[in-house]
Amino acid sequence: MTADDIVLGDGLSRAGTGEARRLGDITADAFRDDPFNNWMFGNFAGIEHLFRMQARRIYAPRGYCYISGDDGACMWMMPGGDGNFTRMDYAAFAIPTIFKSGRSAVARGKRTGQAMAARHPVFEHAYLFSIGVRQSARGKGLGRKLITPVLDACDRTGTIAYLENSNPANRGFYASCGFEEMGDPIVPEEGAPPLVPMVRQPRTT
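Our subject in this report is the structure included herewith. (Residues numbered from 1 in each chain as written. Predicted model: local features only at pLDDT ≥ 70, side-chain atom pairs only at ≥ 80, totals over all residues. Heavy atoms only, no water.)

### Considerations on the overall build of the protein
Reasoning step 1: Looking only at helices and strands, the protein has seven helices and seven strands in total.
Reasoning step 2: Going residue by residue from the N terminus, the α and β elements of the protein occur as β-α-α-α-β-β-α-α-β-α-β-α-β-β.
Reasoning step 3: At 16 Å, the protein has a C-alpha radius of gyration in line with the 17 Å of a compact globule built from 205 residues.
Reasoning step 4: In terms of principal-axis extent, the alpha carbons of the protein reach across some 50 × 35 × 35 Å.
Reasoning step 5: Buried residues in the protein amount to 49% of all 205 residues.
Reasoning step 6: Expressed as a percentage of contacts within the protein between residues at least 6 apart in sequence, the contacts between residues at least 24 apart total 73%. (Helix = DSSP H or I, 4+ residues; strand = E, 2+ residues; numbered from the N terminus. Rg over C-alpha atoms; globule rule 2.2 N^0.38 Å. Buried < 20%, exposed > 50% of the residue type's maximum accessible area, 1.4 Å probe, protein only. Contact = heavy atoms within 4.5 Å.)

Next up, the structure:
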């Protein structure tokens, strides 16, 4: 599957590097109360920096991202894409995080990245890094509108989709989209909230 296989619906637009700040801001607001990210950073400033940095350095230039105005955003990595941190990416994450959330947050972030990498599937897949709807825009079906274009493309091309769910409240939504839990939760260290790997097999008509 490639970007050319994705058909965005009405009101959705592709977001490149020029929209990276908006991608990060929407997603950070959506993850403001996320249990895993609050454990990792301890404050909103750290969460906001992570998603802005990931949007700017990883997903807008290397992945497939799109937005719904200023209300919702998705960041995907297409099959075969590279979402790994370079040394410069790590520095861009770590140095501001020290000032915003402390050195312990950097250590938790590093352990989280290592734990996620160790469990990341080796089979070809589309990876949903984040889907976010601002708190002010929830309850209107926007989450499903956001996730559908790539899942439809997965179905047409026979592509598996994968994500890590960081919030138990979202389990029902992902399950309704066809995702199933895959193995044990990812727990980077004792006391951390679980990250739940979920995989979706393509649907055939």
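### Focus: the nonpolar core
Reasoning step 1: One finds Leu23, Phe41, Phe51, Tyr59, Met75, Phe93 and Tyr127 to be the most contacted residues of the largest nonpolar core, which totals 37 residues.
Reasoning step 2: Elements that contribute at least two residues to this core include exactly helix H1 (20-30), helix H2 (35-41), helix H3 (44-62), strand S2 (64-68), strand S3 (72-77), helix H4 (87-101), helix H5 (103-119) and strand S4 (125-133).
Reasoning step 3: Here the element with the most residues in this core is H3; it accounts for eight residues.
Reasoning step 4: Apart from the residues lying within four places of it in its own chain, the contact partners of Leu23 are Ala15, Ala55, Ala60, Cys65, Tyr66, Ile67, Ala73, Cys74 and Met75. (Core = buried A, V, L, I, M, F, W, Y, C linked by side-chain atoms within 4.5 Å.)

### Considerations on the packing of H4 against H5
Reasoning step 1: One can describe the packing of H4 onto H5 by two numbers: an axis separation of 7 Å at closest approach and a directional angle of 140 degrees. Put simply, H4 runs oblique to H5. In contact with Tyr90, Phe93, Ala94, Thr97, Ile98 and Ser101 of H4, H5 contributes Arg103, Ala105, Val106, Gly109 and Lys110.
Reasoning step 2: Tallied by class, the residues present in the contact of H4 with H5 amount to six nonpolar, three polar and two charged. (Axes fitted to C-alpha atoms, helices over the stretch in contact; angles between N-to-C directions. Parallel < 35°, antiparallel > 145°, perpendicular 65-115°, else oblique. Nonpolar A, V, L, I, M, F, W, Y, C, P; charged D, E, K, R; others polar.)

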